[in-house]
Amino acid sequence: MSSYDLAVIGAGPGGYVAAIKASQLGAKVLLIERGDVGGVCLNRGCIPTKSMIASAHALAAVRAAGEYGISVPAGPAAIDMRKVQQRKEAIVEKLRSGILQLIKGRGIEIAKGTASLAAKGSVNVDGVLHEAKNILIATGSTWMELPGIKIDGRLIVTTDEALSWDEVPARLLIVGGGVIGCEFACMMRDFGSKVTIVEATPSILPPVEGAISRLLARTMKAQGTDILTGTTVKSAQVEGNEVHALLSTGNELVVDKLLVAVGRRPLTAGLHLESCGVELTERGAIKVDKNFCTSVAGIYAIGDVIGQPMLAHAASAEGISAVEGIFGNGAKSEVFDPEMVPSPIFTSPEIGCVGLTSEELKRRGSEFLTGRFPYAACGKALCDGDTDGQAIVHTDMEGKILGVHIIGRDATLLIPEAALAVRKGMTARELEETIHAHPTLSEIMAEAAADVYGMAIHKVSRDR
Ligand code: NAD
């Protein structure tokens, strides 16, 4: 039986990053994966979606070319979904082989197969036992299904299938107005679908700052997407090549495809957690302490399998933190704090968030100050032709930044600065004093920070 310092179950962005970090710290590592390296993020999630969104943006840019003084040949711009898919596949394949090279280059052994926990200190991979002093579970998450809606993979689908569509559905119903629902809605609208979102709660993107999700909803509606909040789908039937969906309002909607995007649940089936004494939370996630250790010493868990935030970069950060705790000899980076995980949302316009929202601050009874700055007052936004959006900065009463929420062009590029500010406990004054290059969209950040004190240069009145 081969023996390792660490066996990592799952080679997604949590598992493979943890394996590399452990190897950097001198550990002998086994990485176990039954599918492709890169996990959902690379193969069926973040990367394929962003590749397709890039195609959707290119199409939108061609359509809007006239606004920038460019004439294109007469006739509507056409989209070839097969080529969009080929481009996506090439990107995914390139990244996959890059990860494999990194893993092999680090001397990490890969076991292809399905792992389960065996006797203490060992892992069973399709019947073969491997000894490991430490085990890290990074098995991720899988789709949540809805009663009354049976996924058939053809007309009623998850994004696993939707990411391979080689035709644009004329009418698309998306159940769930969360991150996936909204990103898909914006992309498919750009591709030419008539999209309807059905969302159970009173607003789309429920955990996002209210002002931001309201602005997104307004923009999406203006772009032609129907958004039905406070609504669910009771049942959905396939009839020929159509789906008939019965809504909680009593209305029926007939569409060509129905996409279910109502969240994901931790993937623990088949791991034999119970027999080893690894405890779960009420929501079925693996229970861990602040060092990502489960209820059993030597068994750790990170990423979606431990619950929210189910984000690739959170999984990677958790993996690094867990492994540094095991092999770092005390040289551990800062404690992982879920409240400091930035969230990039690739809607049109984009959203970037980090830290606390005004709704959460009110719920906690905290006093706070807010600064806002609109894209419309930024020269670069005007040059780019994208003036819809704003940045919102919340601070405590001493000016320490607690949360930053941005909607607008390249908001996902602006949020890392805010993540640094929140992480390092910076004040709005420090953010404002940092010189932001002109002409760039980043000036919006400095101005929103200055507005906390009513001191934004390019804003006359404070709209609070
Ligand atoms: P989500 O939790 O973000 O959204 C699910 C939405 O479905 C919620 O708004 C919820 O209220 C709604 N919903 C639940 N049951 C419903 C019902 N019966 N009828 C109508 N609406 C219902 O989940 P998701 O969008 O599926 O994404 C899954 C995970 O992947 C999330 O954790 C998300 O953060 C992550 N993700 C992140 C990104 C990103 O950061 N860019 C992109 C994609 C996915």
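Residues numbered from 1 in each chain as written. Predicted model: local features only at pLDDT ≥ 70, side-chain atom pairs only at ≥ 80, totals over all residues. Heavy atoms only, no water.

Caption draft 1: How the structure looks around the overall build of the chain. Check the secondary structure of the chain and you find 14 helices and 22 strands. Taken over the C-alpha trace, the chain has a radius of gyration of 23 Å; the compact-globule value for 464 residues is 23 Å, and the two agree within 12%. Structurally, the chain occupies a C-alpha span of about 70 × 60 × 45 Å along its principal axes. Total accessible area computed for the chain in this model is approximately 21200 Å², and 55% of it derives from carbon and sulfur atoms. Computing the positive centroid from 46 side-chain charges and the negative centroid from 53, the chain places the two 2 Å apart. (Helix = DSSP H or I, 4+ residues; strand = E, 2+ residues; numbered from the N terminus. Rg over C-alpha atoms; globule rule 2.2 N^0.38 Å. Areas by Shrake-Rupley, 256 points an atom, 1.4 Å probe, with all protein chains shown as cover. Lys, Arg positive; Asp, Glu negative; His and termini not counted. Charge placed at Lys NZ, Arg CZ, Asp CG, Glu CD.)

Caption draft 2: Layout of the pattern of salt bridges. As enumerated under the stated definition, the model contains 20 salt bridges in all. Measuring nitrogen to oxygen at the nearest pair gives 3.0 Å for the salt bridge that ties K133 to D5. Linking K133 in strand 6 (residues 128-137) with D5 in strand 1 (residues 3-9), this pair joins segments that are 128 residues apart in sequence. Taking the relative accessible area as the measure of exposure, D5 reaches 18% and is therefore buried. Of the charged contacts, one joins R96 and D36 as a salt bridge, the two residues approaching to 4.0 Å between their closest N and O atoms. Linking R96 in helix 4 (residues 81-105) with D36 in the loop between strand 2 (29-33) and helix 2 (39-44), this pair joins segments that are 60 residues apart in sequence. The class for R96 is buried, based on a relative accessible area of 16%. (Salt bridge = Lys/Arg side-chain N within 4 Å of Asp/Glu carboxyl O. Buried < 20%, exposed > 50% of the residue type's maximum accessible area, 1.4 Å probe, protein only.)

Caption draft 3: How the structure looks around the nonpolar core. One finds I9, I32, L136 and I137 to be the most contacted residues of the largest nonpolar core, which totals 52 residues. Among the elements that make up this core, the one with the highest residue count is helix 1 (residues 15-24) (6 residues). Setting aside chain neighbours within four positions, we find I137 in contact with I9, L117, L271, L273, I286, I299, Y300, A301, I302 and V305. In terms of nonpolar packing, the next biggest core, distinct from the first, is built from 36 residues, M187, M188, L259 and C353 among them. (Core = buried A, V, L, I, M, F, W, Y, C linked by side-chain atoms within 4.5 Å. Contact = heavy atoms within 4.5 Å.)

Caption draft 4: Spatial organisation of unusual backbone geometry. Going from S348 to P349, the amide bond is cis rather than trans, its omega being 0°. The topology assignment puts P349 in the loop between strand 18 (343-345) and strand 19 (351-355). Residues H438 and P439 are joined by a peptide bond in cis, for which omega reads -5°. In this structure, P439 sits in the loop between helix 13 (428-433) and helix 14 (443-451). Positive phi is not limited to glycine here, since H272 has a value of about 60°. Mapped onto the elements of the fold, H272 is located in the loop between strand 16 (264-266) and helix 8 (273-276).

Caption draft 5: Quick look at the domain arrangement of the chain. Structurally, the chain comprises domain 1 (2-143 + 266-338), domain 2 (156-262) and domain 3 (349-451). One C-alpha centre belongs to domain 1, the other to domain 3, and the line joining them spans 30 Å. The interface is formed by 4 residues belonging to domain 1 together with 5 residues belonging to domain 3. Viewed at the interface, domain 3 and domain 1 are joined by 0 salt bridges. Joining domain 1 to domain 3, the criterion identifies 1 residue pair in polar contact (both at pLDDT 80 or more). (Domains from an automatic or database assignment. Polar contact = N/O pair within 3.5 Å; in protein donor to acceptor, adjacent residues only side chain to side chain.)

Caption draft 6: Structural detail: helix 1. Burial runs high along helix 1: 8 of the 10 residues are buried. On its buried face, helix 1 sits against strand 1, strand 2, helix 4, strand 6 and helix 9 (312-327). Looking one or two residues past helix 1, G26 carries a phi angle of roughly 95°, positive in sign.

Caption draft 7: Representation of the pairing of strand 9 (residues 171-175) in the model. Of all 5 residues in strand 9, 4 are buried, a share of seventy percent or more. Pairing of strand 9 with strand 15 (residues 257-260) involves 4 bridges; the strand directions are parallel. Across the sheet, residue L172 finds its bridge partner in strand 15, namely K257. (Pairing = 2+ DSSP bridges.)

Caption draft 8: Spatial organisation of the layout of surface pockets. Its volume calculated, the second largest pocket comes out at about 700 Å³. As for the second largest pocket, its lining consists of 21 residues, of which H57, A60, S348, D386 and R409 are closest to the centre. Listing elements by their share of the lining of the second largest pocket, those giving two or more residues are helix 3 (46-63) and helix 6 (179-191). With 3 residues, helix 3 is the single largest residue contributor to the lining of the second largest pocket. Residue composition of the lining of the second largest pocket, grouped by class: 5 nonpolar, 8 polar and 8 charged. (1 Å grid on protein atoms, 1.4 Å probe; cavity = no way out; pocket = protein on both sides within 12 Å on 5 of 7 lines; lining within 4 Å. Points joined across faces, edges and corners; volume = space filled by probe spheres on them. Nonpolar A, V, L, I, M, F, W, Y, C, P; charged D, E, K, R; others polar.)

Caption draft 9: Seen up close, the site of the ligand. With respect to spatial proximity, 23 residues lie near the ligand, and among them I180, E183, E199, G263 and P344 are the closest. Between the ligand and the protein, one listed contact pairs an oxygen atom with a backbone N or O atom of V179 at 3.2 Å. Within the contact set of the ligand, a nitrogen atom lies 2.8 Å away from a side-chain nitrogen or oxygen of E183. Considered on its own, the ligand offers 850 Å² of accessible surface; in the complex 80% of this is hidden by protein. (Near = heavy atom within 4 Å.)

Caption draft 10: Region of interest: the sheet that holds strand 22 (residues 401-407). Reading across from one edge, 18-19-22-21-20 is the order of the 5 strands in this open sheet, with antiparallel pairing throughout. Edge positions in the open sheet fall to strand 18 and strand 20 (369-374), since each of these has one partner strand only. Between one strand axis and the next, the sheet turns by 10° as a mean value, whatever way the strands run. Here strand 18 runs beside strand 19; their pairing, made up of 3 bridges, is antiparallel. Across the sheet, S343 pairs through a bridge with C353, a residue of strand 19. Running at roughly 180° to strand 22, helix 12 (residues 411-423) makes contact with strand 18, strand 19 and strand 22 of the sheet. (Axes fitted to C-alpha atoms, helices over the stretch in contact; angles between N-to-C directions.)

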